[in-house]
Amino acid sequence: MEAAAAFSYLRDLPPCRKFEFNPKLGIDNPVLSLAEDYNPSDIWSLERPRFYLLNKEEGRTFGFHLQQQPGRAGHVVCRVEPGSSAQRQGLREGDWILGVNNHVVEHEDYLMVIRRIRASGPRVLLTVLAQHVHEVARAQRGNNTHLCPPLGQGVRPRLCHVVKDEGGFGFSVTQGHRGPFWLVLSPGGAAERAGVPPGARLLEVNGVSVEKLTHNQLNRKLWQSGKQVTLLVAGPEVEEQCRQLGMPLAAPLAEGWALPTKPRCLHLEKGPQGFGFVLREEKGLDGRLGQFLWEVDPGLPAEKAGMQAGDRLVAVAGESVEGLGHEETVSKIRAQGSCVSLIVVDPKADRFFSMVRLSPLLFLESTEAPDSPWGSGLASVVETKNPLVKDATVAAVPCNFRQCFLYPGPGGGYGFRLSCVASRPGLFISQDGVLASDLL
């Protein structure tokens, strides 16, 4: 049967890849952004999982809508925005999301998948499967099997911060007029101590792809780095596994090694005098609006938890607040009740993660609170000392629920409709008669 034969997609077929270079993005185009060669008229040309490295441009989204399937497991792309990164890379309506960066998400809760994508920051790697192949696979293998090809345990690119010593950076670059480049390490040198593996392929320098650089351009970039440089590298084992899977050596897959700074997770419980900080919206180091923490009162819970004046708020209860306005952020904080879990970065960390074009949330060991009086990182948080925010106590929101504060639009409406599915209990939020989706 043609459908059944087409589904032997994973290991039996050799990877079919081509590189796409966007001249508008120049040499900063992310490394190894791959797209399959396929004939759009042949629906069986997409029989294997595909990988899409998407980039969020300034002030824009990745450009696709993800829809929850009522009564069914899985996460489906229901719309791709014209001219977006998603469309340019080849994401298609009806594709099923199998993986987000290094996480297999086939059987994860819908809200957790949304959280992972938003927490990925300006770049995200999606593993997807065409709708028709997904249906055949589920019919053959059942709903409980995994279709996403995972990397082996611990097999990931590395983001390594190398500080120059008396022996320099401790590596040399293989000769060649143009990339790709591989590193030759000095035994016991700075690069080796920073976690660069032997025989590593060099992918990025300070957040910039080196795949299209000449050898002279690369040397110049390393020289301009001064006394420290951040390298994205892939060891031979990582490179081989990604080659076999057809997976790009993408920065969002990376694990941090000897990074100069990390995000911090603060757990606060409200005292008699409140939390002792002010939340303000202002422009950050990159000129974009963000939510910043100020007026940290000595001796109150915020200071005791490690908050510092000038910290930028990255997430509330593990959920990214990047791109949210002040009122939306305050609503998320208030909805958590009397305890708070905040993820923050100081100015040094903010500059670092902005330079490497990766979200600090990718390098947080755990975005959930440890065992504490308020349980997991989803169900507890605060009110701020901002004079514009009235003191209000809101009941804690149960895990996997969202509390939304709506304001009427120009026409007086709230922009959604309630719909139901025949023979199923409950109501669903819809737009124009279609089940609502999340724009990512």
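An account of the accompanying structure is given in this report.

Conventions we followed
- Residues numbered from 1 in each chain as written.
- Predicted model: local features only at pLDDT ≥ 70, side-chain atom pairs only at ≥ 80, totals over all residues.
- Heavy atoms only, no water.
- Helix = DSSP H or I, 4+ residues; strand = E, 2+ residues; numbered from the N terminus.
- Buried < 20%, exposed > 50% of the residue type's maximum accessible area, 1.4 Å probe, protein only.
- Contact = heavy atoms within 4.5 Å.
- Salt bridge = Lys/Arg side-chain N within 4 Å of Asp/Glu carboxyl O.
- Polar contact = N/O pair within 3.5 Å; in protein donor to acceptor, adjacent residues only side chain to side chain.
- Arc of directions from axis to C-beta.
- Core = buried A, V, L, I, M, F, W, Y, C linked by side-chain atoms within 4.5 Å.
- Phe/Tyr/Trp six-rings, centres within 6.5 Å; stacked < 30°, edge-to-face > 60°.
- Lys NZ or Arg CZ within 6 Å of the ring centre and 35° of its normal.

In terms of regular secondary structure, the protein chain is built from 10 helices and 25 strands. Taken over 440 residues, the protein chain has a buried fraction of 49%. Across the protein chain, every contact between residues at least 6 apart in sequence was considered, and the portion connecting residues at least 24 apart equals 67%.

Within the element layout of this structure, V210 appears in the loop between β13 (208-209) and α6 (215-224). Counting along the chain gives 31 residues from V210 to G179, while the straight-line C-alpha distance between them is 6.6 Å. Each residue touching V210, except ones within four places of it in the same chain, is listed here: G179, F181, L202, L203, E204, V205 and L218.

To continue, consider the pattern of salt bridges. The tally for this structure, following the rule as stated, stands at 13 salt bridges. Residues R312 and D350 are paired through a salt bridge, measuring 2.9 Å at the closest nitrogen-oxygen approach. Taken together, the residues span a long stretch of sequence, with R312 in strand β19 (residues 312-316) and D350 in helix α10 (residues 347-356) at a distance of 38 residues. Across the pair, D350 and R312 agree in class, each one buried.

Before going further, it helps to examine helix α3 (residues 110-119). Listing the buried residues of α3 in full gives Y110, V113, I114, R115, I117 and A119. Sitting at the amino-terminal end of α3 is D109, which places a side-chain oxygen 2.9 Å from the backbone nitrogen of L111. A positive phi of about 80° marks G121, the residue just after α3.

For α6, every residue scored as buried is listed here: H215, L218 and L222. Across the axial projection of α6, the buried residues extend over an arc of 60°, all falling on one side. Across α6 from its buried face, at more than 90 degrees, point the exposed residues N216, W223 and Q224. Phi for G226, located one or two positions after α6, is positive at around 80°.

This part is about the nonpolar core. Counting residues in hydrophobic clusters, the biggest one holds 31 residues, and the most contacted among them are L125, L159 and M247. Mapped by element, the contributors of at least two residues to this core are β3 (50-55), β14 (228-234), α7 (236-245), β19, β21 (339-345) and α10. The element best represented in this core is α10, accounting for four residues. Apart from the residues within four sequence positions on either side, L159 is in contact with T230, L231, L232, A254, E255, G256, W257, L259, F352, V356, L358 and F363.

What follows is about the packing of aromatic side chains. Under the defined criterion, the tally for this structure stands at three aromatic pairs. Relative to F353, the ring of F352 lies with its centre 5.1 Å away and its plane at 80°, an arrangement referred to as edge-to-face. Just as F352 is buried, F353 falls in that class too. Directly above the ring of W257 sits R158, whose terminal nitrogen or CZ lies 3.7 Å from the centroid. Over the aromatic face of F169 sits the side chain of K164, whose NZ or CZ is 4.8 Å from the ring centroid.

Mapped onto the fold, T174 is located in the loop between β10 (171-173) and β11 (181-185). Overall, T174 belongs to the partly exposed group, its relative accessible area being 26%. Put simply, T174 and R201 are 27 residues apart on the chain and 9.8 Å apart in space, counted from C-alpha to C-alpha. Excluding anything up to four places from it in sequence, T174 contacts F181, W182, V184 and H215.

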